[in-house]
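Structural overview for review
Chain by chain, the residues:
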Amino acid sequence: MKLYYIPAACSLSPHIVLHELALDFTPIQVNYKTHRTADGRNFLDLNPLGYAPLLELDDGSLLREGPAILQYLADLQPGAQLAPAYTTMARYRLQEWLNFLTSEIHKGFIPLLYPVQAGRYATESATPKLAQRYAWIDAQLAGKDYLMGHYTVADSYLYALTQWGQAEWLVPTYQANIRFDGLEHLKAWYLRMRERPAVRKALDAEGLK
């Protein structure tokens, strides 16, 4: 398999999962400005939408969209329990989390990452809404090590997004104008995530702290 990624982007999530599962894969960095891959190809030929992650399977099939890629990877090794089994309520809870992270957290960060273009919407609407969503996540983590109690692919997705913000205990990447100080359950979860060997391997591979 080949994982096309942009350093510090949401593609960090499947990058972590690939290491969690110790799967054989080739990471290929994409320049988000030029859309050229590290091996010299035009990434737009692979994904005309231009964004990562993109997973290329051994048969040449291409899989887009982070949540779909995460579930596919988890299902390659069901024994690792990074995703609950199909037809169980737990599986739908995982999909509930992945959809929430996509629509409410991932999308919610976009105006903060482009504050000039977003203007007053970023500060007056997007930031307070995202802060409310993170306060809710913090409450969900009370008494839990991970979002669903045990580690799943949803945690890798949340980690990839959370490192875009700022806090005294957080190592930021994009440094969006939102702070998570005071969210003690989120802090404990974040520090726990950074101790996972797979997270460290993915961060090192992408040149992140």
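On to the overall build of the protein, then. Looking only at helices and strands, the protein has 9 helices and 4 strands in total. Tracing the protein from N to C terminus, the helices and strands come up as β-α-β-α-β-β-α-α-α-α-α-α-α. For the protein, whose C-alpha radius of gyration is 17 Å, the value lies close to the compact-globule estimate of 17 Å for 209 residues. With the principal axes as the frame, the protein shows a C-alpha extent of 45 × 40 × 30 Å.

This structure, assessed with the given rule, holds 11 aromatic pairs. Ring centres of W97 and W136 lie 5.5 Å apart, and the angle between their planes is 45°; this geometry places the pair in the tilted category. You can see W97 sitting in helix α4 (residues 89-113) and its partner W136 sitting in helix α6 (residues 120-140), a full 39 residues away along the chain. The class of W97 is buried, set by a relative accessible area of 9%. Residue classification places W136 among the partly exposed residues on the basis of a relative accessible area of 40%. Judged by centre distance (4.2 Å) and plane angle (40°), the rings of Y134 and F180 are tilted. Pair noted here: Y134 is in helix α6 and F180 is in the loop between α7 (153-162) and α8 (184-194), with a separation of 46 residues, a long-range link. Looking at F180, the relative accessible area reads 0%, which means it is buried.

Scoring rules and cut-offs
- Residues numbered from 1 in each chain as written.
- Predicted model: local features only at pLDDT ≥ 70, side-chain atom pairs only at ≥ 80, totals over all residues.
- Heavy atoms only, no water.
- Helix = DSSP H or I, 4+ residues; strand = E, 2+ residues; numbered from the N terminus.
- Rg over C-alpha atoms; globule rule 2.2 N^0.38 Å.
- Phe/Tyr/Trp six-rings, centres within 6.5 Å; stacked < 30°, edge-to-face > 60°.
- Buried < 20%, exposed > 50% of the residue type's maximum accessible area, 1.4 Å probe, protein only.

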